[in-house]
Amino acid sequence: MNSVFPFQRWVRNLLLPAPATTRSDGDHKNNQVQTLSGAGPCQCTEESRSFREPPWLNPDQHLIVTGNSSCFQRAPLSSLKKMVCFPGYSPAGFLLPLLLQASRWCSAVSEFSVKGPDEPINVLLGADATLPCQLSPEQSAAHMHIRWYRDQLSPAVLVYQNGQERGGQQMLEYRGRTELVGDSIHKGSVALLIQHVRASDNGQYQCRFKDGHISQEAIVELHVIGLGSAPHVHMMGPEDGGIRVLCSSGGWFPKPRVQWSNMAGVKLPTLSESQTQDGDGLFYVEASLVVTDSSLGNVTCSIQNPFSGQEKVSAIFLPEPFFPRTSPWKAALAGTLPVLGLLLIGISYTGWREHQAKEREVKKTKKESHERDQMRNEKEMALTAKANLEAELEGRKALYNEDWKKALLYPDWRKEQFQLAPVTLSHEIFHQNNSDPERKENFREGTQDLSLSNKQEDCNLITLTQEGFSFWRHFWEVDIEDIDEWTLGIYEEPIENNKYLQKKKYRVLQKKGCEYRALTYCLQDISLEKSLPIEKCLRKIVIFLDYEDGDISFYNMTDGTHIFSFTQASFSGSVHPYFKLKSMEMSSSAQY
């Protein structure tokens, strides 16, 4: 529970009369507020109000807290009682200023920041480092949670909580080497002491103060300075017409800078430089220089620490007799070698060009041969695939031919079992009625009252060049194109002395708008009517007529699918193809 609630109860008890309870004289005396009576000393009376001390206060001093932050400074309780005993001073009179002062204390304590040094802390390797950190504004940090850490909060370099250091959350490499310097912790000033600084201690440290839910932190930079040994400079021997000199030194941190110079202080370019790091993180450096000028005399090697700027210097004297002498033939050779080098470069370039040309020719020949082989392989694969496909088709066709009457597939193979009918389509009438809107409308008006009678064959657009089909199997194709209404199929015409068939009988497919249906009718008597669920518009249809089996089948030649079949027709007359650009219009007495 928040500690502000006891304080509120204490204020309420301060303002209310004391309860009528019997208490001991000692308790009563300690809890009565003295008031002035005339000019005499302050005396306690039984009628005075009861002053109850907050339960969290002791007789000498008290601390009122709000949340997790200190709100009131510690003050003796006796001074508070004296304030109440002043003449004309009631508890309600001193309560308001006290609360106002408390609010100012709370707002001042609840906000703070953390400051660290502006510049990095430079410490020699092996010495002790002190990293300072300060609260702003100045205030006590004894009750706060203080944490020093590197890259992550835990494990940390040092943790201070509840007035003591917590070693359980500390990094192993800092155990026994760190402590919190808190001599001025009541002023918000703390410092991290790191003993016997190592190279691994170099870098950034985070100083974090946490008070309740409020936390602030600052960054402190530590530079570890390792000054290595004095450079060791010695001659390695003659090289490239001069003397090779080597400079080496170890124990440096961080990576040092190496510089050669002559007696006049002029910097000399380093020929090569290598730096290695040992297990403690310290650097060992080697740098070499080739001196060709015998008049230099002394050369100096200086190694400098980049953090502190401190350097160590060593010099070596190079006697002139130690330099190799130049002979006359070497001078002549020096003039001849460039010419020979140019000739060699020219010859090499010419040979390289010829070699490149030969390689390009070989690559071209290989590429052409590869392309020929690839084309031949692709051709063989295509022929093999074609042969396999033909064999598969032949196998399927053989299976189809064994039972083609039941297989409602492959209309192209089905044609082999039928004979092409000698029919002709009246294209002139067909195109006139289909392309000219006025003619089409006139044609529709002229035929819309036709009933299922003998007049309908007058509109038949298919002409058969023989008497009619009375045996065998026949097929014919019709291109429907994009027509809104049509009727396609066959009609059976009666023959003389046939008592079973005395009127024409039609078996047709019919389209009207987007609807398709199959019809079998004779005059106005419809014996079969079935709607067909066809989604795509039919454009080319083939009709198969099997007179002996009494079967008329319709196929869509666009995708080879079966549309509908009239089975068990039992023909007794001659059969004729039938096609007109109208759907069958029934008279008022006919059933649709």
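Up top is the structure these notes are about.
Treat the numbers as computed from the prediction; the structure is a model and nothing was measured.

Caption draft 1: Expanded view of the nonpolar core. Formed by 53 residues in total, the largest nonpolar core has its most connected members in Trp148, Phe209 and Trp260. Top element by residues in this core is strand β20 (residues 283–291). It accounts for 5 residues. Listed in part, the 31 residues of the second largest apolar core include Ile462, Trp486, Phe554 and Phe571.

Caption draft 2: Looking closely at the pairing of strand β26 (residues 473–479). Counting buried positions along β26 yields 5 of 7 residues, so the element is predominantly enclosed. In this sheet, strand β31 (residues 540–546) lies alongside β26 in antiparallel orientation, the contact comprising 7 bridges. The partner of Arg473 across the bridge, within β31, is Asp546.

Caption draft 3: The arrangement of the pattern of salt bridges in detail. Taken as a whole and judged by the stated rule, the model has 13 salt bridges. Residues Asp373 and Arg376 are paired through a salt bridge, measuring 2.5 Å at the closest nitrogen-oxygen approach. With Asp373 and Arg376 both in helix α5 (residues 328–402) and 3 residues apart, this pair spans about one turn of that helix. Classification of Asp373 by relative accessible area gives partly exposed; the value is 31%. With a closest N to O distance of 3.9 Å, Lys415 and Asp412 form a salt bridge. Taking relative accessible area as the criterion, Lys415 reaches 18% and is therefore assigned buried. Via salt bridges that share partners, Asp412, Lys415, Glu477 and Lys540 belong to a single interconnected network.

Parameters at a glance
- Residues numbered from 1 in each chain as written.
- Predicted model: local features only at pLDDT ≥ 70, side-chain atom pairs only at ≥ 80, totals over all residues.
- Heavy atoms only, no water.
- Core = buried A, V, L, I, M, F, W, Y, C linked by side-chain atoms within 4.5 Å.
- Buried < 20%, exposed > 50% of the residue type's maximum accessible area, 1.4 Å probe, protein only.
- Helix = DSSP H or I, 4+ residues; strand = E, 2+ residues; numbered from the N terminus.
- Pairing = 2+ DSSP bridges.
- Salt bridge = Lys/Arg side-chain N within 4 Å of Asp/Glu carboxyl O.

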